[in-house]
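So you can see what is in the structure, the chains are spelled out below.
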Amino acid sequence: MLTGKQKRFLRSEAHHLDSLFQIGKSGLTDAILVQIDEALEARELLKVSVLQNCEGDKNEIAEKMGAYKGIHVVQVIGNTIVLYRESTEKKRIQLP
């Protein structure tokens, strides 16, 4: 579980990032979760956009992502979800 200070730090680090994935009409599929898992191993921090034509609720989607393999949901703001998971091999981000 991330502390408030760590979440603030990660939000500031994610501010300049562009969304790497988009969740569209088909919603959150297993294939997208696997790709997000691989991207988090490489980058540790990323943004996901939920498009307007997505039938699922963005908070439910964030909840499902957060329950998958230890992914932490840092922030849900607008239609953007910020995700973090510490990499096992390519650790870059040093949390406070």
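The preceding data block contains the structure.
About the cut-offs
Residues numbered from 1 in each chain as written. Predicted model: local features only at pLDDT ≥ 70, side-chain atom pairs only at ≥ 80, totals over all residues. Heavy atoms only, no water. Buried < 20%, exposed > 50% of the residue type's maximum accessible area, 1.4 Å probe, protein only. Helix = DSSP H or I, 4+ residues; strand = E, 2+ residues; numbered from the N terminus. Pairing = 2+ DSSP bridges. Contact = heavy atoms within 4.5 Å. Salt bridge = Lys/Arg side-chain N within 4 Å of Asp/Glu carboxyl O.

Peer 1: It is not clear to me how the pairing of strand β4 (residues 80-84) should be interpreted in this structure. Could you clarify?
Peer 2: Looking along a regular strand, one sees side chains alternate from face to face of the sheet. Counted residue by residue, β4 has four buried out of five residues, so it is predominantly covered. Bridge count for strand β2 (residues 45-50) against β4 is five bridges, and the pairing is antiparallel. If you follow S49 over to β4, its bridge partner there is T80. Between the antiparallel neighbours strand β3 (residues 72-77) and β4 lie two residues, among them G78 with a positive phi of about 60 degrees.

Peer 1: Is there a simple way to think about the side chain of R85 in this case?
Peer 2: Structurally, the position occupied by R85 is in the segment after β4. Residue classification places R85 among the buried residues on the basis of a relative accessible area of 12%. Other than its neighbours up to four places away in sequence, R85 contacts D37, L40, E41, E44, K69, G70 and I71.

Peer 1: Quick question: what am I supposed to make of the pattern of salt bridges here?
Peer 2: Oppositely charged side chains can pair when the atoms bearing their charge come close. Per the stated rule, a full pass over the model turns up three salt bridges. Between D37 and R85 there is a salt bridge, with its nearest N and O atoms 2.5 Å apart. Linking D37 in helix α2 (residues 30-43) with R85 in the segment after β4, this pair joins segments that are 48 residues apart in sequence. Overall, the relative accessible area of 12% leaves D37 in the buried class. Note that K91 is salt-bridged to E86, the shortest N-O span being 3.3 Å. Since its relative accessible area comes to 44%, K91 is described here as partly exposed. A single salt-bridge network, built from bridges that share partners, covers D37, K69 and R85.

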